[in-house]
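# Chain and residue survey
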Amino acid sequence: MLRILDAKTGETVPAAPARRALTRVEAHASGYDLTALRVLLTTDLLLRALEIGGTPVLPLLTAERHQAELHAAATTLGIRPFEDGRDLSSGLGEAQVVHVAADGVTVPGPDVTVTVAPASGPDADVLNQLADPAVLRLALLDAPRGTAVHLGAGALDAAGRRLGRLRQSVAHWAHSPSRPVPEKIRGRLRDAWEDDLDVPGVLAVLRWMENQPEIPDGARFETCAHADRLLALDLTRDLGRFA
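Treat the numbers as computed from the prediction; the structure is a model and nothing was measured. (Residues numbered from 1 in each chain as written. Predicted model: local features only at pLDDT ≥ 70, side-chain atom pairs only at ≥ 80, totals over all residues. Heavy atoms only, no water.)

Looking only at helices and strands, the protein has seven helices and nine strands in total. Whereas a compact globule of 243 residues would reach a radius of gyration of roughly 18 Å, the protein reaches 18 Å, a difference of no more than 12%. In the protein, buried positions account for 49% of the 243 residues. For the protein, contacts bridging at least 24 residues in sequence account for 73% of all contacts bridging at least 6. Counting every atom, the protein has about 11000 Å² of accessible surface; 51% of that belongs to carbon and sulfur. With 26 positive and 32 negative side-chain charges, the protein shows a spacing of 6 Å between the two charge centroids. (Helix = DSSP H or I, 4+ residues; strand = E, 2+ residues; numbered from the N terminus. Rg over C-alpha atoms; globule rule 2.2 N^0.38 Å. Buried < 20%, exposed > 50% of the residue type's maximum accessible area, 1.4 Å probe, protein only. Contact = heavy atoms within 4.5 Å. Areas by Shrake-Rupley, 256 points an atom, 1.4 Å probe, with all protein chains shown as cover. Lys, Arg positive; Asp, Glu negative; His and termini not counted. Charge placed at Lys NZ, Arg CZ, Asp CG, Glu CD.)

Moving on to the packing of aromatic side chains. The geometry of two aromatic rings is summed up by the distance between their centres and the angle between their planes. Enumeration over the complete set of coordinates arrives at zero aromatic pairs. When the ring centre of Trp208 is taken as reference, the NZ or CZ atom of Arg188 above it lies at 4.3 Å. (Phe/Tyr/Trp six-rings, centres within 6.5 Å; stacked < 30°, edge-to-face > 60°. Lys NZ or Arg CZ within 6 Å of the ring centre and 35° of its normal.)

The subject of this paragraph is the sheet that holds strand β3 (residues 23-29). What the five strands build is an open sheet, ordered β5-β4-β3-β6-β7; its pairing is parallel. Every interior strand has two partners, whereas the edge strands, β5 (83-84) and β7 (112-116), have only one. Across seven bridges, β3 lies against strand β4 (residues 57-63) in parallel orientation. In the strand pairing of β4, Arg24 is matched with Leu58. Contacts from helix α1 (residues 34-52) reach β3, β4, β6 (96-102) and β7, with the element oriented near 170° to β3. Lying over the sheet, helix α2 (residues 67-76) contacts β3, β4 and β5, oriented at roughly 140° with respect to β4. (Pairing = 2+ DSSP bridges. Axes fitted to C-alpha atoms, helices over the stretch in contact; angles between N-to-C directions.)

Glancing now at the nonpolar core. Grouped together as the largest cluster of nonpolar side chains are 73 residues, with contacts concentrated most on Ile4, Leu46, Leu136 and Leu231. Tallying contributions element by element places α1 first for this core, with 11 residues. (Core = buried A, V, L, I, M, F, W, Y, C linked by side-chain atoms within 4.5 Å.)

The first and last C-alpha atoms of helix α5 (residues 183-194) sit 16 Å apart over 12 residues, in line with the 16 Å expected at 1.5 Å per residue. Buried positions along α5 lie against α1, α6 (199-210) and α7 (217-231). (Expected span 1.5 Å × (residues − 1).)

Turning our eyes to something else, we now look at the side chain of Thr223. Along the chain, Thr223 turns up in helix α7. What Thr223 contacts, discounting residues up to four positions off in sequence, is Val181, Pro182, Ile185, Leu189, Leu206 and Met209.

The next point concerns the pairing of β3. For β3, the buried fraction is high: seven of the seven residues fall into the buried class. Since β3 and β4 lie parallel, the crossover through α1 that links them has a hand, and here it is right-handed. Judged from the six bridges that link them, β3 and β6 form a sheet pairing that is parallel. Pairing of Glu26 across the sheet is with His99, part of β6. (Right-handed = clockwise from strand over helix to strand, strands pointing away.)

Let's shift gears to the packing of α1 against helix α3 (residues 134-141). Direction vectors running N to C along α1 and α3 enclose 85°, while the axes themselves pass 11 Å from each other. It follows that α1 is roughly perpendicular to α3 by the angle criterion. Touching Leu34, Leu37, Arg38, Leu41, Asp44, Leu45 and Arg48 of α1 are Leu136, Arg137, Leu140 and Leu141, all from α3. (Parallel < 35°, antiparallel > 145°, perpendicular 65-115°, else oblique.)

So, about the pairing of strand β1 (residues 3-6). Looking along a regular strand, one sees side chains alternate from face to face of the sheet. Where β1 meets strand β2 (residues 11-14), four bridges bridge the pair, whose relative direction is antiparallel. Residue pairing for β2: Leu5 is matched across the bridge by Thr12. Connecting β1 to the antiparallel partner β2 that follows it, the hairpin turn spans four residues, and Gly10 within it adopts a positive phi of roughly 75°.

Any functional reading would require information beyond the geometric quantities listed.
Below is the structure:
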């Protein structure tokens, strides 16, 4: 069961107490910058993790400004489309409501709130300069959401090289006969993302797997495809490009 830290109580709670009941996840963006993109990305991860567990979700975006820019950036980053929170604020009979906001943003009411530490570096328009926006997605995923991130000089280049190497490995592994995801690895991935969305933990499992010679290449491929349901880094993009 996915459990998340509720910033209002300081306690870890189920993200969806009723597994098959609708859960509303509402992102709160107070501007258009890297911190706002990190809020949207964290919301997307929560939505994906809930859906993997079989929970239906309703994604909403509440922002006083920059609505068009935020929606466009979400699409570019591979984030699920949001409904406008102002239009659906009355609720639709959901069993749970989870808010996602930057540190310091006050969300009224008793609902569960997930907070995200700030991100700094280039402005949000860097998305328009990247040949592959998944590079920014990986750079922001690589640190715990409660830790402030600064994308200094070279950070995006490093993330791009890392993503390229992983995609190349996935494309190479795809040439081998398919094998199921080993249960030990599946369990480690699930334990990571169900533990307060520990995405750096998920990435660490993939790095560990690369160095285990006993794991067949076909199982490595299926493991990355499975993890990409959460990560959304398009890890299978280069299939067929490498012999």
